[in-house]
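So you can see what is in the structure, the chains are spelled out below.
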Amino acid sequence: MDLIKRIIPLLLAFTLMLGLGAYWLLYYTGNNTEFAKGHRYLVTIKPGMTTADIADLLHKKHLVKTPEAFRMEARIRGLAGKLEAGRYEIVGGMSNSEIVDILSKGQTYNVKFTVPEGFNVVKTARKLEAEGLGDARKFEEAARNYTPYPYMETSNPDVIFKAEGFIFPTTYQLDPDMSEKEILALMVRTFNSEMNREKIPLLAKEKKMNLRDLINLAAMVELEAVFPEEQARIAGVFLKRLHIYMPIQSDTTIQYLLGSQKEEVTIADTQIKSPYNTYQNPGLPPGPIASPGIDAVKAVLNPEATEYLYFVAEKDGHHRFTKTYQEHLRAIEEIHKND
């Protein structure tokens, strides 16, 4: 009994020493304050890396002072082997506990990228490259024949990019390691999700329109209307022209075939031979010319009933709508008389 009484204090003392040792290891060697420079580092944790591998990598990058302390932090919290692969942003000076939190929750580093309404494949590709997120040429090549959904399919050989129009305009959170194909897939998948969420395919069917034609028309409406309140009226004009087999005559399609934005489309431009020239060809162009926003899509589904057949842009971006060609010419003359 006396022996037991003597051993118990020793065990308690030993346990206390272990606890103090663990505390010291975790909170003194694990605070990494000597690296508190505020710098942000991108660290890639590859699939299959062990906690020891991750600790060594962080130590080499001067983000973790003691690899053993990092491993103990993960082990004590039951997270050893549960640190997720991915690319992470770690700030110099973060504690082991903070870093383990980030890696165990898969809080990977993402970059915001916005596709504005009315952007086409080429503009989106160039913006990706300009922001260091991909190669423009590779993105364009990926978009050329990418058709994961039946409504994107077309046998028209004049279509330049089959994914054109089906890249949803919004802000994305992109992993910097994503390939151009993966980025395109995300954008097209988002388009499909948003269209279904808004029940657009069902509404189009009720209007006896297929989704591809709907997006084709909405793209022109998006680019023509500077002000959202004019979208439904412009959609009404285009649909009326289609109904009477009158060419749509949208400058937006001329801009698309030219491949660059011109301040003013000339008469010579409207005479260019191209399937995308809606001055020379009746009906819709071979495919969408841009990514319309959801409001433009809804404007085509709910167009304004109108007798107008013509419109011309005022200098402030609004449009003047007219019923006859003579009225249209007078409107153009009045708007530009002081030019």
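Residues numbered from 1 in each chain as written. Predicted model: local features only at pLDDT ≥ 70, side-chain atom pairs only at ≥ 80, totals over all residues. Heavy atoms only, no water.

**Notes on the pattern of salt bridges**
Then comes step 1: Here the structure, examined in full by the defined rule, presents 13 salt bridges.
Then comes step 2: Among the salt bridges present, the one from Arg77 reaches Glu73, with a minimum N-O distance of 3.5 Å.
Then comes step 3: We classify Arg77 as partly exposed; its relative accessible area is 33%.
Then comes step 4: In this structure Glu73 comes out as buried when scored by relative accessible area, which is 9%.
Then comes step 5: A salt bridge links Asp177 to Arg87; the shortest N-O distance between them is 2.7 Å. Linking Asp177 in the loop between β4 (171-174) and α7 (180-197) with Arg87 in strand β2 (residues 86-91), this pair joins segments that are 90 residues apart in sequence.
Then comes step 6: Salt bridges linked by common partners bring Glu194, Arg197, Glu198 and Lys298 together as one network. (Salt bridge = Lys/Arg side-chain N within 4 Å of Asp/Glu carboxyl O. Buried < 20%, exposed > 50% of the residue type's maximum accessible area, 1.4 Å probe, protein only. Helix = DSSP H or I, 4+ residues; strand = E, 2+ residues; numbered from the N terminus.)

**Structural notes on the layout of surface pockets**
Then comes step 1: Approximately 1600 Å³ is the volume attributed to the largest pocket.
Then comes step 2: In terms of lining, the largest pocket is formed by 49 residues, of which the most central are Glu224, Asp251, Gln255, Val265 and Tyr279.
Then comes step 3: For the lining of the largest pocket, the class distribution of residues is 23 nonpolar, 15 polar and 11 charged. (1 Å grid on protein atoms, 1.4 Å probe; cavity = no way out; pocket = protein on both sides within 12 Å on 5 of 7 lines; lining within 4 Å. Points joined across faces, edges and corners; volume = space filled by probe spheres on them. Nonpolar A, V, L, I, M, F, W, Y, C, P; charged D, E, K, R; others polar.)

**Observations concerning the packing of helix α5 (residues 121-130) against helix α6 (residues 136-144)**
Then comes step 1: Taken N-terminus to C-terminus, the directions of α5 and α6 make an angle of 145°; their axes are 8 Å apart at the nearest point. Along this stretch, α5 crosses α6, giving a crossing that reads as right-handed. Touching Val121, Val122, Thr124, Ala125, Arg126, Leu128 and Glu129 of α5 are Ala136, Phe139, Glu140 and Ala143, all from α6.
Then comes step 2: Looking at the contact of α5 with α6 residue by residue, the classes come out as 7 nonpolar, 1 polar and 3 charged. (Axes fitted to C-alpha atoms, helices over the stretch in contact; angles between N-to-C directions. Left-handed = near helix turned anticlockwise from the far one by under 90°. Contact = heavy atoms within 4.5 Å.)

**Brief notes about helix α4 (residues 96-104)**
Then comes step 1: Along α4, the residues classified as buried are Asn96, Ile99, Val100, Ile102, Leu103 and Ser104.
Then comes step 2: The elements touched by buried residues of α4 are β1 (40-45), α2 (51-60), α3 (67-76) and β2.
Then comes step 3: Two residues or fewer past α4, Gly106 is found with a positive phi of approximately 65°.

**Considering the side chain of Gln231**
Then comes step 1: In this structure, Gln231 sits in helix α10 (residues 231-243).
Then comes step 2: Using a relative accessible area of 6% as the deciding quantity, one classes Gln231 as buried.
Then comes step 3: At 3.4 Å, the side chain of Gln231 forms a polar contact with the backbone nitrogen of Ala296.
Then comes step 4: Non-local contacts of Gln231, meaning those with residues more than four positions away in its chain, are made with Val221, Glu222, Ala225, Asp295, Ala296 and Ala299. (Polar contact = N/O pair within 3.5 Å; in protein donor to acceptor, adjacent residues only side chain to side chain.)

**Section: the side chain of Asn277**
Then comes step 1: In this structure, Asn277 sits in the loop between α11 (251-258) and α12 (294-301).
Then comes step 2: Taking relative accessible area as the criterion, Asn277 reaches 0% and is therefore assigned buried.
Then comes step 3: Reaching out from Asn277, the side chain makes a polar contact with the backbone nitrogen of Tyr279 at a distance of 2.8 Å.
Then comes step 4: Contacts of Asn277, omitting those with residues within four sequence positions, involve Ile254, Leu257, Asp269, Thr270, Gln271 and Ile272.

**As for the packing of aromatic side chains**
Then comes step 1: In total, this model carries 9 aromatic pairs according to the counting rule given.
Then comes step 2: Ring geometry for Tyr256 and Tyr276: centres 5.1 Å apart, planes at 50°, overall tilted. Of this pair, Tyr256 sits in helix α11 while Tyr276 sits in the loop between α11 and α12, and the two are 20 residues apart along the sequence. The burial state of Tyr256 is the same as that of Tyr276; both residues are buried. (Phe/Tyr/Trp six-rings, centres within 6.5 Å; stacked < 30°, edge-to-face > 60°.)

**A word on the pairing of β4**
Then comes step 1: Burial of β4 is one-sided: the residues Tyr172 and Leu174 facing one way are buried, the residues Thr171 and Gln173 facing the other way are not.
Then comes step 2: Looking at chain direction, strand β3 (residues 111-114) and β4 are connected through 4 bridges and run antiparallel. Counterpart to Thr114 in the pairing with β4 is Thr171. (Pairing = 2+ DSSP bridges.)

**Here we look at α7**
Then comes step 1: Here α7 is 18 residues long and its end C-alpha atoms lie 26 Å apart, about the 26 Å a rise of 1.5 Å per residue gives.
Then comes step 2: Restricting attention to buried positions, one finds in α7 the residues Glu180, Ile183, Leu184, Ala185, Leu186, Met187, Val188, Thr190, Phe191, Asn192 and Met195.
Then comes step 3: Among the residues trailing α7, Lys199 stands out with phi positive, at a value near 60°. (Expected span 1.5 Å × (residues − 1).)

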